Amino acid sequence: MFQSATETQAPPRTQSDCDVELRKVFKVFNGETAVRGVELNVRRGEFFSILGPSGCGKTTTLRLIAGFETPSAGEILIRGESANQVPPYRRPVNTVFQSYALFDRMSVRDNVAFGLKVKRQNPSEIDDRVDRALQLVKMEGFAKRFPKQLSGGQQQRVALARALVNRPAVLLLDEPLGALDLKLRKEMQVELTNLHQDLGLTFVMVTHDQEEALSLSDRIAVMKDGRIEQIGSPEEIYDRPKTPFVADFIGDTNLFKGHIEECDRGSVVLRTDTGLKLVVRPPEDPNDRTVGRKAIASVRPEKIRLSRSAPETEVNYFEGRLQHAMFMGTHVHCVVKLTSGETLTVRQSALPEGHLDDRASVYVSWGPNDGLALSV
Amino acid sequence: MTETANSPPQQHSPQEDAIVDMSQTRTKPNLSWQSIFTVAMFLFMYLPIGVLGFYSFNESRYSANWEGFTLEWYQRLLNDARIFSALQNSLTVAITAVAVSAVLGTLMAVGLSRYRFPGKSLYLGMSYLPLIIPDIAIAVATLVFLAALGIPLTIWTIVAAHIVFCLAYIAVVVSTRLADLDPNLEEAALDLGATPVEAFIKVLLPELVPGILSGCLLAFVLSMDDFLIASFTAGAGATTLPMEIFSRIRTGVKPDVNALSVLLIFASGFLAFLAEYLRLRGERSPN
């Protein structure tokens, strides 16, 4: 009696606009912790990506949402209801596996119809929905084929149709494009975005490809060693990374280790271990802006300007030697060794004043807003 | 720079001619040592069986000399009630042992590949041990065990002993098939709403059927063939076919035993072929 009273007193625990919610979720396998206290909310209709290097726990996180693993601690909510005790076959989610896991002994049509058949829908409705799902992924001409007779890209489409036909609340994608070649992957990326926009479903995708995550997602969670490093929109993750790992993992960057020497509201002065004085944007958290604190400055290669003569700025310009310049078509990729010893990568749309010799003496510079200080 | 890179391919044409010449001279002489060895190997393996077949059509009862073609021994065989009762015993043993082992062995292989539990590797090693333990050890152990418990020897004690090795053979064949399957297959079925039982029956089992069948045929042939274990564990009157044959040749090889052996060789050859065919068909594409 008392207990039930306390339960009803508990505040409403979920926001109704969340399809998936993870609260301090841990997963331990034989003494190895794969997921350490992951907290995330996936909003309804969102394309959410979990991005990280291999072994960071991202696939385990997805398998926890699908129900193939049960959390060692913490809670998983799907559509606001606790799913910890719900087996995978009763969860309103469907998964597209990295290996596709198509049923080789069934035709494409039977593969797609499988989910509806085990749920004992009536046959005419099954036919109808399977036809529409196959049309959706442009595979209506292949209904009678068997999975082994299809190419990788076609199998991928069947796997998508097989999941989508069940009208899940959330579609889980485990490295969906990992097995495809580059050209096909680009095509499927476009189709995934289209599907997401047309269906208005919530997508949760696991990937190690930062470019894929940046181009497809509404929001990204970057994971490392079982923890979430940062959650944010692609722009936030790229422009305002919270940790050196995120800055380094998403895109290319140049990192300078040092400590904060001066600080005001709009900028900090960071003295590197090699003695350079950098003016960059301050860390996001005001607590991290104290003078004397260790910090790392991150400067993106495309923010750096390369010139032959000393630029007309007072801050953030350094002398160095061009080590090599690689022409990449759309841009030139340069490596510059500063006189203080650091090696920088620089991305220029074109080399200044035409051709530069290797080993030429150059200046690099950037504006005070182009770099960012990160707490260590 | 580009010129030096291009020059080696220009020298290629004479080399290519040389390659063509080599492949033309590669035709082997008709009588190489490999073909002599191969023929000798096959004679070594199959000549005794050929001789057996030869005598099974020989009219002479005792002599090794050819005295004319006859089917008498085959006819006599078909009218021999003892042979038929022994065959019936052998089939009862083999079919029962294989049927029980098929169910248990499949479950064993699936359990061992799909679930994590403490002591798994020990269990894995122990379950395949009957494959390497000598038959005589299994035979003696079973006999001593049955005697210690005071269980009377009947045809069913042979079945029990045969299940020991049939189980291991079927489990091995099924687990090789399982190892080739996508580990996400069952998860995909669960994900689509199938209960674990439905996932096993609708998705996993159809993939395993070729493996189970070929394992069963292998175990069946081994059970039919077994003399040692059966002769230790058989009760009175439960004589299997190999036991019957052995008791007959103790008083000298008779032509009807030759005829029986020829039939057995053909039957087991057919089953072995069938098992291999099923296995290969299962590995290739469906339909």
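Within each chain, residues carry numbers counting from 1 in the order of the written sequence. Chain A is the first chain written and ligand 1 is the first ligand written, with later ones labelled in order. In keeping with the model being predicted, local features are shown solely for residues with a pLDDT of at least 70 and side-chain atom pairs are shown and tallied solely at 80 or more, while totals for entire chains, interfaces and linings include all residues. Hydrogens are left out, water is left out, and the side-chain values use all remaining heavy atoms of the structure.

A closer look at the overall build of chain B
This is how the line gets drawn: Secondary structure counts use DSSP, requiring at least four H or I residues in a row for a helix and at least two E residues in a row for a strand, with both numbered from the N terminus. Under the scheme applied here, a residue whose accessible area is under 20% of the maximum for its type counts as buried, over 50% as exposed, and between as partly exposed, the area being computed with a 1.4 Å probe on protein chains only. Note on areas: Shrake-Rupley, 1.4 Å probe, and residue coverage restricted to the protein chains presented here.
Check the secondary structure of chain B and you find 13 helices and zero strands. The order of α-helices and β-strands along chain B, N terminus first, is α-α-α-α-α-α-α-α-α-α-α-α-α. Sorting the 287 residues of chain B into buried and exposed places 38% on the buried side. Here chain B has roughly 17100 Å² of accessible surface; of this, 69% comes from carbon and sulfur atoms.

Thoughts on the environment of Leu 167 of chain B
Residues and elements named next belong to chain B. Just so we agree on the cut-off: Note on contacts: a residue pair qualifies if any of its non-hydrogen atoms lie within 4.5 Å across the two residues.
One can find Leu 167 in helix H8 (residues 155–180). With 49 residues separating them along the chain, Leu 167 and Pro 118 place their C-alpha atoms 22 Å apart. If sequence neighbours within four positions are ignored, Leu 167 has contacts with Ser 101, Leu 104, Gly 105 and Met 108.

Let's talk about the interface of chain B and chain A
So the rule is basically this: Here's the idea: put two parts together, see how much 1.4 Å probe accessible area each one loses, and the total over both is what we call buried area. Any carboxyl oxygen of Asp or Glu within 4 Å of a side-chain nitrogen of Lys or Arg constitutes a salt bridge here.
Across the contact, 24 residues belong to chain B and 28 residues belong to chain A. Roughly 2200 Å² is buried in total at the junction of chain B and chain A, and carbon and sulfur atoms are behind 58% of that figure. Where chain B packs against chain A, one counts three salt bridges. One salt bridge connects Glu 198 of chain B with Arg 120 of chain A, and the closest N-O pair in it is separated by 3.2 Å.

A closer look at the domain arrangement of chain A
Test applied: Marked domain ranges trace back to an automatic or database domain assignment.
What the domain assignment lists for chain A is domain 1 (5–239) and domain 2 (252–375). Each of domain 1 of chain A and domain 2 of chain A was reduced to a C-alpha centroid, and the two centroids are 39 Å apart.

Re unusual backbone geometry
Residue and element names in this part refer to chain A. Despite not being glycine, Tyr 100 shows a phi value in the positive range, around 70 degrees. Locating Tyr 100 in the fold gives a position in the loop between strand E6 (93–96) and helix H3 (108–118). If you check the backbone angles, Arg 167 has positive phi at about 45 degrees while not being a glycine. Accessibility expressed as a relative area gives 52% for Arg 167, which makes it exposed.

Considerations on the confidence of the model for chain A
Test applied: Per-residue confidence from the predictor is given as pLDDT, running between 0 and 100.
Residues of chain A with pLDDT of at least 70 account for 94%, and the chain-wide mean is 89. Note on residues 1–14 of chain A: pLDDT is under 50 here. Beyond four places in sequence and across chains, it has seven contacts.

A closer look at the packing of helix H5 (residues 81–114) of chain B against helix H12 (residues 241–249) of chain B
Residue and element names in this part refer to chain B. Keep this limit in mind: Orientation is described by axes fitted as lines to C-alpha atoms, over the contacting stretch for helices, and by angles from 0 to 180 degrees between their N-to-C directions. When residues are grouped by polarity, Ala, Val, Leu, Ile, Met, Phe, Trp, Tyr, Cys and Pro land in nonpolar, Asp, Glu, Lys and Arg in charged, and all others, Gly among them, in polar.
As a packed pair, H5 and H12 sit with axes 7 Å apart at the nearest point and diverge in direction by 145 degrees. Facing H5, whose interface residues are Arg 82, Ile 83, Ala 86, Leu 87 and Ser 90, H12 presents Leu 241, Pro 242, Glu 244 and Arg 248. Each residue belonging to the contact of H5 with H12 can be placed in one class, and the counts come to five nonpolar, one polar and three charged.

Remarks on the packing of aromatic side chains
Spelled out, the test is: By convention, a stacked pair of Phe, Tyr or Trp rings (six-membered ring in the case of Trp) has centres within 6.5 Å and planes under 30 degrees apart, an edge-to-face pair has planes over 60 apart, and any other such pair is tilted.
Within the structure shown, the criterion is met by twelve aromatic pairs over all chains. A centroid spacing of 5.3 Å and a plane angle of 45 degrees characterise the contact between Phe 47 of chain A and Phe 203 of chain A, whose relative ring orientation is tilted. One end of the pair, Phe 47 of chain A, is in strand E3 (residues 47–51); the other, Phe 203 of chain A, is in strand E8 (residues 202–207), with 156 residues separating them in the sequence. With respect to class, Phe 47 of chain A is no different from Phe 203 of chain A; both count as buried. Between Phe 227 of chain B and Phe 246 of chain B, the ring centres sit 4.6 Å apart and the planes meet at 45 degrees, which makes this aromatic pair tilted. Of the two residues, Phe 227 of chain B sits in the loop between helix H10 (196–225) and helix H11 (228–233) while Phe 246 of chain B sits in helix H12, which places them 19 residues apart along the sequence. Residue class for Phe 227 of chain B comes out partly exposed when judged on its relative accessible area of 26%.

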